[in-house]
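# Understanding the architecture of this molecule
Each chain, letter by letter, is given below.
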Amino acid sequence: MVLAGSQIKVGRLESIVEQIGEAVLSTTETIERLAERVDTLSVQVEAQGRQLQQQGYQIFALCDAVQTLADTQDDSLQKLTQLTRTLDRLMTLIEAPSE
C-alpha cells in the first residue's frame, strides 16, 4: 500500500513536471514571437526616423530656396523701381518744352 501511495505521488510529480515543462516551452515561444515583433517595430521606427530626417533636409532646402527667391524678388523690385524712376525722368525730359 505504501508502494501504491508512492507511485501516485510520483505520478502527480511527473504530471506537475510535465505541466511546468509545457508552460516553459509555451512561455519561450511567446517570448520569441514578442522578440520578433519588437525587432520588426525597431526596424520600422528606424525607417521612419530616416524618413523624418530626409523630410527635415527637404524642408531646410525648401526654406533656403524660398529665401533665395524672396531675395531675388526684392532685388528685382529695386531694379524695377530704379527703371521706373529713370523712365519717369526720361519722359519728363521728352515732354519738356524745347528751348
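Our subject in this report is the structure included herewith.

Thresholds, definitions, all that
Residues numbered from 1 in each chain as written. Predicted model: local features only at pLDDT ≥ 70, side-chain atom pairs only at ≥ 80, totals over all residues. Heavy atoms only, no water. Helix = DSSP H or I, 4+ residues; strand = E, 2+ residues; numbered from the N terminus. Rg over C-alpha atoms; globule rule 2.2 N^0.38 Å. Areas by Shrake-Rupley, 256 points an atom, 1.4 Å probe, with all protein chains shown as cover. Lys, Arg positive; Asp, Glu negative; His and termini not counted. Charge placed at Lys NZ, Arg CZ, Asp CG, Glu CD. Salt bridge = Lys/Arg side-chain N within 4 Å of Asp/Glu carboxyl O. Buried < 20%, exposed > 50% of the residue type's maximum accessible area, 1.4 Å probe, protein only. Patch = residues over 30% accessible without salt bridge, like charges linked within 9 Å, V, L, I, M, F, W, Y side chains within 5 Å.

### Observations concerning the overall build of the chain
- When its secondary structure is counted, the chain shows one helix and zero strands.
- Radius of gyration (C-alpha) of the chain: 42 Å, far over the 13 Å computed for a compact globule of 99 residues.
- Expressed along its principal axes, the backbone C-alpha trace of the chain runs to roughly 150 × 10 × 10 Å.
- Working note: accessible area of the chain is about 9400 Å², and carbon and sulfur atoms make up 62% of it.
- Side chains of the chain carry 8 positive and 15 negative charges; the gap between the two charge centres is 8 Å.

### Topic: the pattern of salt bridges
- The final tally for this structure, using the stated rule, is two salt bridges.
- When the shortest N-O distance is used, the salt bridge between arginine 50 and glutamate 46 registers 3.1 Å. Within this pair, arginine 50 and its partner glutamate 46 are both found in helix H1 (residues 2-95), separated by four residues, close to a single helical turn.
- Residue arginine 50 is classed as partly exposed on the basis of its relative accessible area of 48%.

### Observations regarding a nonpolar patch on the surface
- A contiguous nonpolar patch, built from Leu77, Leu80, Leu83, Leu87, Leu90, Met91 and Ile94 and spanning about 680 Å² of accessible area, is present on the exposed surface.
- The class of methionine 91 is partly exposed, set by a relative accessible area of 41%.

### What about a negative patch on the surface?
- Residues Glu29, Glu32, Glu36 and Asp39 make up a contiguous surface patch of negative charge.
- The topology assignment puts aspartate 39 in helix H1.

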